[in-house]
Amino acid sequence: MSKCDMDKCEEDASRVSRLSPDGFLVSSGNKAYSFREAYMRFNYCEKCHSRLMKRIWSRVRGHGYKGDDHVAPTAI
């Protein structure tokens with residue numbers, strides 16, 4: 001079984017996500033013909049995945065700087 005991709009977490013992963021530990025979609029760099037092929041996959045334990053999702057939704061709902069060139073998870 002895979003380990004969680006979050007730094008310093010040694011738990012077994014129970015979730016697969018297209019969101020990186022930084023909360024962004026990261027391109028695979030390959031010529032992709034679908035969303036499924038276009039972005040890398042990450043493994044998370046339930047606790048880290050929940051924490052990541054809370055951070056992402058706080059950023060999306062916040063009024064902070066959104067001018068970077070990362071694809072928003074809600075754009076998909």
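In this report, we go over the structure that sits alongside the text. Because the structure is predicted, anything quoted here is derived from the model rather than measured. (Residues numbered from 1 in each chain as written. Predicted model: local features only at pLDDT ≥ 70, side-chain atom pairs only at ≥ 80, totals over all residues. Heavy atoms only, no water.)

**Let's talk about the environment of S20**
Relative to the helices and strands, S20 is located in the loop between β1 (15-17) and α1 (35-38). Distance from S20 to N43, taken between C-alpha atoms, is 9.1 Å for residues 23 residues apart in sequence. (Helix = DSSP H or I, 4+ residues; strand = E, 2+ residues; numbered from the N terminus.)

**What about the packing of aromatic side chains?**
A complete count under the given rule lists one aromatic pair for this structure. Judged by centre distance (5.3 Å) and plane angle (50 degrees), the rings of F35 and Y39 are tilted. (Phe/Tyr/Trp six-rings, centres within 6.5 Å; stacked < 30°, edge-to-face > 60°.)

**Observations regarding a positive patch on the surface**
On the surface, K47, R51, K54, R55 and R59 cluster together into a patch of positive charge. With respect to the helices, strands and loops of the structure, K54 is situated in helix α2 (residues 46-61). (Patch = residues over 30% accessible without salt bridge, like charges linked within 9 Å, V, L, I, M, F, W, Y side chains within 5 Å. Areas by Shrake-Rupley, 256 points an atom, 1.4 Å probe, with all protein chains shown as cover. Salt bridge = Lys/Arg side-chain N within 4 Å of Asp/Glu carboxyl O. Lys, Arg positive; Asp, Glu negative; His and termini not counted. Charge placed at Lys NZ, Arg CZ, Asp CG, Glu CD.)

**Points about the pattern of salt bridges**
Summed over all chains, the structure comprises two salt bridges. Linking D12 and K3 is a salt bridge whose minimum nitrogen-to-oxygen distance equals 3.1 Å. Owing to a relative accessible area of 43%, K3 belongs among the partly exposed residues under this scheme. Among the salt bridges present, the one from R15 reaches E46, with a minimum N-O distance of 3.1 Å. Taken together, the positions of R15 in strand β1 and E46 in helix α2 put the pair 31 residues apart, joining distant regions of the chain. (Buried < 20%, exposed > 50% of the residue type's maximum accessible area, 1.4 Å probe, protein only.)

**Description of the side chain of R18**
In this structure, R18 sits in the loop between β1 and α1. Within the local environment of R18, its side chain forms a polar contact with the backbone oxygen of R36, the two atoms lying 3.2 Å apart. At a separation of 3.0 Å, a polar atom in the side chain of R18 contacts the main-chain carbonyl oxygen of Y39. Not counting residues within four places of it along the chain, the set of residues in contact with R18 comprises F24, L25, V26, F35, R36, Y39, M40, R41 and F42. (Polar contact = N/O pair within 3.5 Å; in protein donor to acceptor, adjacent residues only side chain to side chain. Contact = heavy atoms within 4.5 Å.)

**Some thoughts on the nonpolar core**
Looking at soluble globular proteins, one finds that nonpolar side chains tend to be buried together. Formed by 13 residues in total, the largest nonpolar core has its most connected members in C4, M6, C9, Y44 and C48. Counting only elements with at least two residues in this core, the list comes to β2 (42-44) and α2. The element that contributes the greatest number of residues to this core is α2, accounting for three residues. Dropping the residues within four chain positions of it, C48 is found in contact with C4, M6 and C9. (Core = buried A, V, L, I, M, F, W, Y, C linked by side-chain atoms within 4.5 Å.)

Geometric descriptors of this kind do not, in isolation, establish any biological role.
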